[in-house]
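# Coordinates in review
Residues per chain, in single letters:
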Amino acid sequence: MKYLHLDPSFAPYTTSIDFEAFVFNGGEPHIKIKDQNIGEEVTITHRINSFNDFGLVLVATDALKRMDVKIINLFIPYFPAARQDRVMVSGESLSVKVYADILNAQGYNQITVFDPHSEVTPAVLNNAKVIQNYDFVKQCLETIKEEVILISPDGGALKKIYKVSEYLGGIEVVECSKKRDVKTGALSGFRVYEEDLQGKHCVIVDDICDGGGTFLGLAQALKEKNAGKLSLVVSHGIFSKGLDSLTQLFDTVFTTNSFRNINEEGVVQIPVVK
Ligand SMILES: O=P(O)(O)OC[C@H]1O[C@H](OP(=O)(O)OP(=O)(O)O)[C@H](O)[C@@H]1O
């Protein structure tokens, strides 16, 4: 099987089929696959940071079909809009299903995603294969090399944290919660459901760090409960407000390369595929 790595700085599997990709002046992504005789099965990989990245996946899929590729797999570790998995207020879209419906229409043999926000993504996506965050968290803890407790930041994370703990041999879990105003997105009311953390090294585990407000707010609440060192383990590092505030508060910030490459002090980036 051959691979078509659409992001030149993200090549998780061997070398890529040769291609040229660009955006026309009208804003439309375009691809020209240069290699011929690419066989019957191809896996496309890409990091979806924008609708144009998504568009490039679609035009690449069409190009492969026109080259008689019979089996096409897709590896998009960050599933776009996986967070928009429910309609919070009237007038919003159920965006995760919008993306899934378009991909389902392509007839992929398999679509592999990494640690999607909730079980809604694999539920709406045909032929979905989910890579859980278990091994990623394990690698982070192997780097920390200290006794730690796992911190579940909110309701969404709580559904997964006990499975992570079980995979790691039953590491203690502390549950936390936050309030997010569904109209404005503002965060408040961070709560830690443990009275005294006894100076233990607290490792927050979550799927996405976007602006980081969840983790900055929670770090404060954990310190008030006598937390020791703090580390942050997030599968998808968007870090839309930069990393300075996070790296000041956290001993180490761990993430994968599912969304973008990061080269900053205090951040350890572990490849999403070894
Ligand atoms: O870096 P931030 O800007 O704070 O965003 C990251 C947070 O947002 C998402 O959860 P969300 O708030 O949507 O809640 P949920 O997990 O309960 O769905 C995600 O799971 C993180 O917890």
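Residues numbered from 1 in each chain as written. Predicted model: local features only at pLDDT ≥ 70, side-chain atom pairs only at ≥ 80, totals over all residues. Heavy atoms only, no water.

Take the site of the ligand next. Looking at the ligand, there are 18 residues lining it, with Arg 180, Asp 206, Asp 207, Gly 212 and Thr 214 nearest. In the model, an oxygen atom of the ligand is placed 3.0 Å from a nitrogen or oxygen of the Asp 154 side chain. A distance of 2.7 Å is found between an oxygen atom of the ligand and a side-chain nitrogen or oxygen belonging to Arg 180. Within the complex, the protein chains bury 87% of what would otherwise be the 500 Å² of accessible surface of the ligand. Using a 2 Å cut-off from the grid points, one finds that the ligand occupies the largest pocket. Where the shell around the ligand is concerned, the elements lending two or more residues are β9 (173-180), β11 (201-209) and α6 (213-224). Looking at the shell around the ligand element by element, the count peaks at 4 residues for β11. Class assignment of the residues belonging to the shell around the ligand gives a composition of 4 nonpolar, 6 polar and 8 charged. Here the shell around the ligand spans two domains, and each of domain 1 (2-131) and domain 2 (134-270) adds at least three residues to it. (Near = heavy atom within 4 Å. Polar contact = N/O pair within 3.5 Å; in protein donor to acceptor, adjacent residues only side chain to side chain. Areas by Shrake-Rupley, 256 points an atom, 1.4 Å probe, with all protein chains shown as cover. 1 Å grid on protein atoms, 1.4 Å probe; cavity = no way out; pocket = protein on both sides within 12 Å on 5 of 7 lines; lining within 4 Å. Sits in = over half its atoms within 2 Å of the grid points. Helix = DSSP H or I, 4+ residues; strand = E, 2+ residues; numbered from the N terminus. Nonpolar A, V, L, I, M, F, W, Y, C, P; charged D, E, K, R; others polar. Domains from an automatic or database assignment.)

Reading across the sheet, the 5 strands line up as β1-β4-β5-β6-β7 and stay open at both edges, with parallel pairing between neighbours. This sheet does not close on itself; its edge strands, each paired only once, are β1 (2-5) and β7 (128-131). Across the sheet, the mean angle from the axis of one strand to that of its neighbour is 20 degrees, orientation sign disregarded. With 4 bridges connecting them, β1 and strand β4 (residues 41-45) associate as parallel partners. Residue pairing in the sheet places His 5 in a bridge with Thr 45 of β4. Where helix α1 (residues 51-66) meets the sheet, its contacts fall on β1, β4 and β5 (71-75), and the angle it forms with β4 comes to roughly 170 degrees. (Pairing = 2+ DSSP bridges. Axes fitted to C-alpha atoms, helices over the stretch in contact; angles between N-to-C directions. Contact = heavy atoms within 4.5 Å.)

Another aspect to go through is the pattern of salt bridges. Counted under the stated rule, the structure contains 13 salt bridges. The closest approach of N and O atoms between Arg 47 and Asp 7, which form a salt bridge, is 3.0 Å. Residue Arg 47 is located in the loop between β4 and α1, and its partner Asp 7 is located in the loop between β1 and β2 (19-23); the two are separated by 40 residues in the primary sequence. Of the two residues, Arg 47 and Asp 7, both sit in the buried class. As a salt-bridge pair, Lys 97 and Asp 101 come within 2.9 Å of each other at their nearest N and O atoms. With Lys 97 and Asp 101 both in helix α2 (residues 95-104) and 4 residues apart, this pair spans about one turn of that helix. (Salt bridge = Lys/Arg side-chain N within 4 Å of Asp/Glu carboxyl O. Buried < 20%, exposed > 50% of the residue type's maximum accessible area, 1.4 Å probe, protein only.)

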